[in-house]
Amino acid sequence: MCGIVGYLGKGYAQAPLIDGLRRLEYRGYDSAGVAFHEGNEFSLARETGRVKNLADSVQKNSSSSSLGIAHTRWATHGAVTVSNTHPHMSQDGKFVMVHNGVIENYGILKKFLVSKGIKFSSETDSEVLCNLIAYHYSELPTGEDRFIDAVRLALPQSRGAYGIVILCVDYSDTMIGARRGSPLVVGLGEEANFIASDASAFVGRAKEAVFLNDGELSIISGKNFRITTMEGEEAKAVAHPVEQISEEVELGDFDSYMEKEIFEQPTALENTLRGRFGDDGTTAKLGGLEGHEDELRNLDRIIFVACGTARHACMVGEYLIERLARVPVEVEHASEFRYRNSPKAGKSLVIAVSQSGETLDTLEAVREAKTKGLLTLGITNVVGSSLARETDGGVYQRVGPEIGVASTKAFSSQACLCAMLGLALGRMRDLSPTDGQAIVQALNDLPDLVTKVLQQGEQIRELAIKYSKAEHLLFLGRQSLYPVALEGALKLKEISYAHAEGYPAAELKHGPIALINPDCPSVFIVEGSSLSSKTIANMQEVKARKGPVLAIAPDNVEIPEEAVDDIFRLPVVHEVIRPILANLPLQLFAYHFARLRGLDVDKPRNLAKSVTVE
Ligand code: M6R
């Protein structure tokens, strides 16, 4: 979602700020802007559309300021217009501010400010917060702490979520950041310091990153920096090295991050699996769960909370964990769990799954679970993310940064970790060592099998060419392949804008079959179990109504010619890894389908990588 970069350093701020915005483009946005401190005023440049438009406009009027803030906006309050684009300037010209998140009570605050004679030039909640800070500033006596005091007075008055970076014209070497609910990270370099919404904004320019916690402020003054609480007490700053992520965010020889991330999956999965099996080779050993063994052994229920693709991975987990560990599992949309008064039945464990670890709906679900006194675990890819910090324990995915908005390698590693969790919980209960050993073997074989499937990418490209004219598609699967059908449909619609729906295969006849016609292809993901004959019967129902059928099926499942138009074959594998392998051709199908339509797969319209608003 929206991206923030602030720069204070020895050199000119312009290049690092624009470069930082480019690195944040993957988060999704619809306009971009930058403000520079120019001595006794601010200069502002804002453009709708791509960062490139902003870069071109800034190039014409270069700034030699060494203090500035920049932003990519994903519209929430107000249309995509220049006046709604950040940075926002207070009416008196004293402050410029960039904001991620939503100020829920901005209406009341705005009324108050209007009553004080303040006029607004945008429809945004952010401009209200900027003016509220300016208002408090105008009421405070002159003094060294006036800027920070104004921020500290205004923020507790706002409800909702924010990550802000703000500059005051009277302070030519100070930049203040504050966080509640929306991530902020300070980048510490030799030549400059940064405050950004994501460390990738300052990769290559800062050596260390310090993540802010909710309720903290970061104050960068000249070369110094400190973190305080809202009340002004010094807070602990834990620095993480940033060099390690620099290479991983480069595109290399690939045309898009999505393609790169699809083909990275063998290595990504190797990293997810590495060192995570017990010495006897019959169970998984997940470090982040250590210390919780007794609670895990005595669980009555698991509730997964997640959104989008991460929720589909949890649904794979639901089937696998119930089968391996015999623990009842529920999967909730995180946004629903938060407001639902789910009864606290027995000993429940809440597992939140989020690639970014910053999805607000998922974080709020975790907070709700904690309020109810439930044990919470997190599965996330981002080290130091809010999810990692707020849960009682958890597991990192270790797949490296996922930049493409369409989640690919993260799904595979999340589904893999769910299988490992099922194995670990199963072995704590009644799964036999022999079954455990077979699962360990299957998981260890996974990276090579993924390579093998991805090597058949050309066949998928040809299938995408054949079906790419379709505007409506159905994806159908049973059991642990049902979430794969959902994921295949989500991937296709989010990047190609074709309408796609996923269903359990047997649901077809309860309604969706009405859609079947020669222009509506059905993609069946066929399991290699006794159920496959039932799925083949569903395929025949589609064919009988002249619907085109594409099957993704294991090598050993015979499919009569009259039931199918095209088949993509998968290796015959253990059920725990079947969903991960079956999802690969669907990732590639969506990728080629969208590319054939000339679309930018990394920046699909209206979407953001990390959704930090409700
Ligand atoms: O960062 P998260 O895993 O919490 O993100 C959750 C969803 O927003 C995300 O998976 C979204 O559905 C992707 N665009 C799907 O490709």
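For the structure, check the block above.
Scope of this entry: the structure provided in the associated data block. (Residues numbered from 1 in each chain as written. Predicted model: local features only at pLDDT ≥ 70, side-chain atom pairs only at ≥ 80, totals over all residues. Heavy atoms only, no water.)

**Brief notes about the sheet that holds strand β16 (residues 329–333)**
Hydrogen bonding along the main chain pairs the strands of a sheet, whether they run parallel or antiparallel.
Thinking step 1. Taken together, the 5 strands give an open sheet; going across it, the order is β16-β15-β17-β18-β19, and neighbouring strands pair in parallel fashion. Each edge of the open sheet carries a strand with a single partner, namely β16 and β19 (393–396). Shown here is a sheet whose adjacent strand axes are inclined to one another by a mean of 20°, direction ignored.
Thinking step 2. Sheet strands in contact with helix α9 (residues 308–325) are β15 (301–306), β16 and β17 (348–354), and its direction is about 170° off that of β16.
Thinking step 3. Together, β15, β17 and β18 (375–380) form the strand contacts of helix α11 (residues 360–371), whose direction differs from that of β17 by roughly 165°. (Pairing = 2+ DSSP bridges. Helix = DSSP H or I, 4+ residues; strand = E, 2+ residues; numbered from the N terminus. Axes fitted to C-alpha atoms, helices over the stretch in contact; angles between N-to-C directions. Contact = heavy atoms within 4.5 Å.)

**Concerning the pattern of salt bridges**
Thinking step 1. Tallied over the entire structure, the rule returns 26 salt bridges.
Thinking step 2. Measuring nitrogen to oxygen at the nearest pair gives 2.7 Å for the salt bridge that ties Arg 179 to Asp 214. Separated by 35 residues along the polypeptide, Arg 179 in strand β8 (residues 174–180) and Asp 214 in the loop between β11 (208–211) and β12 (216–221) bring together distant segments of the chain.
Thinking step 3. Across the salt bridge formed by Glu 471 and Arg 597, the nearest N and O atoms sit 3.3 Å from each other. You can see Glu 471 sitting in the loop between α15 (457–467) and β20 (472–477) and its partner Arg 597 sitting in the segment after α18 (578–596), a full 126 residues away along the chain.
Thinking step 4. The exposure class of Glu 471 is partly exposed, given its relative accessible area of 41%.
Thinking step 5. Through salt bridges with shared partners, one network takes in Arg 179, Asp 214, Arg 338, Glu 364, Arg 367 and Glu 390. (Salt bridge = Lys/Arg side-chain N within 4 Å of Asp/Glu carboxyl O. Buried < 20%, exposed > 50% of the residue type's maximum accessible area, 1.4 Å probe, protein only.)

**As for the pairing of strand β1 (residues 3–9)**
Along any regular strand, the residues point their side chains to alternate faces of the sheet.
Thinking step 1. The element β1 is largely enclosed, with a buried count of 7 among its 7 residues.
Thinking step 2. The pairing of β1 with strand β4 (residues 67–73) spans 6 bridges and is antiparallel. Of the residues in β4, the one forming a bridge with Gly 6 is Ile 69.
Thinking step 3. Bridge analysis of β1 against strand β10 (residues 192–196) gives 5 bridges, and the strand direction is antiparallel.

**Details of helix α5 (residues 146–154)**
Thinking step 1. Extensive coverage of α5 is indicated by the burial of 7 of its 9 residues.
Thinking step 2. Taken together, the buried positions of α5 are occupied by Arg 146, Phe 147, Ile 148, Ala 150, Val 151, Arg 152 and Ala 154.
Thinking step 3. Contacts made by the buried residues of α5 are with β6 (95–103), α4 (125–139), β7 (160–168), β8, β12 and β13 (224–229).

**A closer look at the site of the ligand**
Thinking step 1. The immediate surroundings of the ligand are formed by 13 residues, with Ser 354, Gln 355, Ser 356, Thr 359 and Glu 494 found nearest.
Thinking step 2. Within the backbone of Ser 407, one N or O atom sits 2.8 Å away from an oxygen atom of the ligand.
Thinking step 3. One nitrogen or oxygen atom from the side chain of Glu 494 is found 2.4 Å from an oxygen atom belonging to the ligand.
Thinking step 4. For the ligand, the accessible surface in isolation is 410 Å², of which the surrounding protein chains cover 91%.
Thinking step 5. Breaking the shell around the ligand down by element, the ones donating at least two residues are α9 and α16 (482–496).
Thinking step 6. Among the elements that line the shell around the ligand, the one with the most residues is α9, at 3 residues.
Thinking step 7. Class assignment for the residues of the shell around the ligand results in 4 nonpolar, 7 polar and 2 charged. (Near = heavy atom within 4 Å. Polar contact = N/O pair within 3.5 Å; in protein donor to acceptor, adjacent residues only side chain to side chain. Areas by Shrake-Rupley, 256 points an atom, 1.4 Å probe, with all protein chains shown as cover. Nonpolar A, V, L, I, M, F, W, Y, C, P; charged D, E, K, R; others polar.)

**Digging into the packing of aromatic side chains**
Thinking step 1. For the coordinates displayed, the defined rule picks out 8 aromatic pairs.
Thinking step 2. Plain terms: the ring middles of Phe 112 and Tyr 135 are 5.1 Å apart, the flat faces sit at 90° to each other, and that makes the pair edge-to-face. Here Phe 112 is found in helix α3 (residues 106–115), whereas its partner Tyr 135 is found in helix α4, with 23 residues between them in sequence.
Thinking step 3. Classification of Phe 112 as partly exposed rests on a relative accessible area of 32%.
Thinking step 4. Judged by centre distance (5.3 Å) and plane angle (50°), the ring pair of Phe 147 and Tyr 171 falls under tilted. In this pair, Phe 147 sits in helix α5 while Tyr 171 sits in the loop between β7 and β8, placing the two residues 24 residues apart along the sequence. Considered together, Phe 147 and Tyr 171 belong to a single accessibility category, that of buried residues.
Thinking step 5. The aromatic ring of Phe 120 is capped on one face by Lys 110, whose charged end is 5.0 Å from the ring centroid.
Thinking step 6. The ring of Tyr 497 carries the charged tip of Arg 605 above its face, separated from the ring centre by 4.0 Å. (Phe/Tyr/Trp six-rings, centres within 6.5 Å; stacked < 30°, edge-to-face > 60°. Lys NZ or Arg CZ within 6 Å of the ring centre and 35° of its normal.)

**As for the side chain of Asp 361**
Thinking step 1. Mapped onto the elements of the fold, Asp 361 is located in helix α11.
Thinking step 2. Although Asp 361 lies buried, it forms no salt bridge, and the closest oppositely charged side chain, Arg 338, sits 5.4 Å away as judged by the N-O distance. (Lys, Arg positive; Asp, Glu negative; His and termini not counted.)

**What about the sheet that holds strand β22 (residues 522–525)?**
Thinking step 1. Within the open sheet, the 5 strands sit side by side as β21-β20-β22-β23-β24. Their pairing is parallel. In the strand order of this sheet, the two ends are held by β21 (499–504) and β24 (566–570), each with one partner. Neighbouring strand axes in the sheet, compared pairwise and without regard to direction, differ in orientation by 15° on average.
Thinking step 2. Examined bridge by bridge, β20 and β21 share 6 bridges and lie parallel to one another. Following the sheet pairing, Leu 474 is matched in β21 by Glu 501.

**What about the environment of Val 383?**
Thinking step 1. Mapped onto the fold, Val 383 is located in the loop between β18 and α12 (386–390).
Thinking step 2. Spatially, the C-alpha atoms of Val 383 and His 240 are 9.5 Å apart, while their sequence positions differ by 143 residues.

**A short note on the nonpolar core**
Thinking step 1. Of all hydrophobic cores here, the largest spans 92 residues; its most connected members are Ile 302, Phe 304, Leu 443 and Phe 589.
Thinking step 2. Two domains each donate at least three residues to this core, and these are domain 2 (251–454) and domain 3 (456–601).
Thinking step 3. Among residues more than four places away in sequence, those in contact with Phe 589 are Ile 460, Leu 463, Ala 464, Tyr 467, Leu 473, Leu 492 and Leu 550.
Thinking step 4. Of all hydrophobic cores here, the second largest spans 30 residues; its members include Ile 118, Cys 130, Val 151 and Ile 176. (Core = buried A, V, L, I, M, F, W, Y, C linked by side-chain atoms within 4.5 Å. Domains from an automatic or database assignment.)

**Side note on helix α13 (residues 409–428)**
Thinking step 1. The terminal C-alpha atoms of α13, which comprises 20 residues, lie 29 Å apart, in line with the 28 Å expected from a rise of 1.5 Å per residue.
Thinking step 2. Summarising burial for α13: 18 of the 20 residues are buried, a large majority. (Expected span 1.5 Å × (residues − 1).)

**Some details on the pairing of β22**
Thinking step 1. Of the two faces of β22, both are covered, the one formed by Ser 522 and Phe 524 as well as the one formed by Val 523 and Ile 525.
Thinking step 2. Examined bridge by bridge, β20 and β22 share 4 bridges and lie parallel to one another. Counterpart to Leu 476 in the pairing with β22 is Phe 524.
Thinking step 3. In terms of handedness, the path from β22 via helix α17 (residues 532–544) over to strand β23 (residues 549–554) forms a crossover that is right-handed. (Right-handed = clockwise from strand over helix to strand, strands pointing away.)

**Details of the side chain of Glu 127**
Thinking step 1. Within the element layout of this structure, Glu 127 appears in helix α4.
Thinking step 2. No salt bridge is formed by the buried Glu 127, whose closest oppositely charged neighbour, Lys 110, lies at an N-O distance of 5.9 Å.
Thinking step 3. In contact with Glu 127, other than residues within four places in its own chain, are His 88, Met 89, Lys 119, Phe 120, Ser 121 and Ser 122.

**Regarding unusual backbone geometry**
Thinking step 1. Here His 86 and Pro 87 are connected by a cis peptide whose omega angle stands at 0°.
Thinking step 2. Structurally, the position occupied by Pro 87 is in the loop between β4 and β5 (88–89).

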